[in-house]
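Examining the three-dimensional arrangement
For reference, the chains in residue letters:
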Amino acid sequence: MKKNIKLIEYARYELDENLNIVKIDKKFTELTGYTEMDIKNNNLNQMDLIFDEDQEDYMNIITSVVSKYHEAYVEHRIRCKDGSSILVFCLGSLVMENGQQKSVIRIVDMSNSLIMI
C-alpha cells in the first residue's frame with residue numbers, strides 16, 4: 001500500500017486570560033472565515049467558536065488537562081463565521097509573555113481527513 005506524506009499547516013490564534021481571541025493568522029481566516037476585523041469589532045471569545053451543546057464537555061476536558069500539563073490535545077468542532085462547522089485537531093498551550101499568561105492555540109481541519117493507523 002502506497003503511503004502519502006502530507007504537510008500539515010496549522011492555523012493559529014491566541015487567547016487572553018479571559019479566553020478572548022486577541023490574535024489570529026491568515027490560515028485561521030482561511031479555515032473559519034473570521035478576519036482580524038471580526039475579532040476586534042465583535043470581541044470574539046473562544047466560546048463563540050464552540051457550539052453551545054459542546055461547551056461544557058470542551059471546558060471540562062480543557063481545564064482538567066491544562067491545569068496539569070499546561071497544554072492539551074483535543075479534537076472538536078469549531079463554528080465558522082458562516083455558521084457551518086469544521087472538525088479540528090487542536091493543540092493548546094499556556095505561555096507567559098511579558099508577565100501575562102496567554103493561550104496559543106493551533107488547529108488543523110480534520111473534516112475531510114482519513115486517518116490510517
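Since we're looking at a predicted model, the values are computed, not measured.

**Regarding the overall build of the protein**
What the protein contains, in helices and strands, is four helices and five strands. What you see in the protein, going N to C, is helices and strands ordered as β-β-α-α-α-α-β-β-β. Relative to the compact-globule value of 13 Å for 117 residues, the protein shows a C-alpha radius of gyration of 15 Å, a close match. Across its three principal directions, the C-alpha atoms of the protein cover 50 × 35 × 30 Å. Looking at the protein residue by residue over its 117 residues, the buried ones come to 34%. Long-range pairs, those at least 24 residues apart, make up 41% of the contacts in the protein between residues at least 6 apart in sequence. As displayed, the protein has an accessible area near 8000 Å², and 51% of this comes from carbon and sulfur atoms.

**A closer look at the environment of Q101**
By secondary structure assignment, the location of Q101 is in strand β5 (residues 100-109). Through-space distance from the C-alpha of Q101 to that of I24 is 17 Å; in sequence the pair is 77 residues apart. Setting aside its immediate chain neighbours within four residues, Q101 contacts D16, E17, L94, V95 and M96.

**Some details on the nonpolar core**
Y13, I21, F28, L49 and I107 are the most contacted members of the largest nonpolar core, which totals 18 residues. Non-local contacts of I107, meaning those with residues more than four positions away in its chain, are made with E9, Y10, A11, Y13, F28, L31, I78, V88, F89 and C90. Ranked by size, the runner-up nonpolar core spans seven residues in total, among them M47, I62, A72 and V74.

Here is what the cut-offs are and how they apply
Residues numbered from 1 in each chain as written. Predicted model: local features only at pLDDT ≥ 70, side-chain atom pairs only at ≥ 80, totals over all residues. Heavy atoms only, no water. Helix = DSSP H or I, 4+ residues; strand = E, 2+ residues; numbered from the N terminus. Rg over C-alpha atoms; globule rule 2.2 N^0.38 Å. Buried < 20%, exposed > 50% of the residue type's maximum accessible area, 1.4 Å probe, protein only. Contact = heavy atoms within 4.5 Å. Areas by Shrake-Rupley, 256 points an atom, 1.4 Å probe, with all protein chains shown as cover. Core = buried A, V, L, I, M, F, W, Y, C linked by side-chain atoms within 4.5 Å.

Nothing here speaks to function; it is all geometry.
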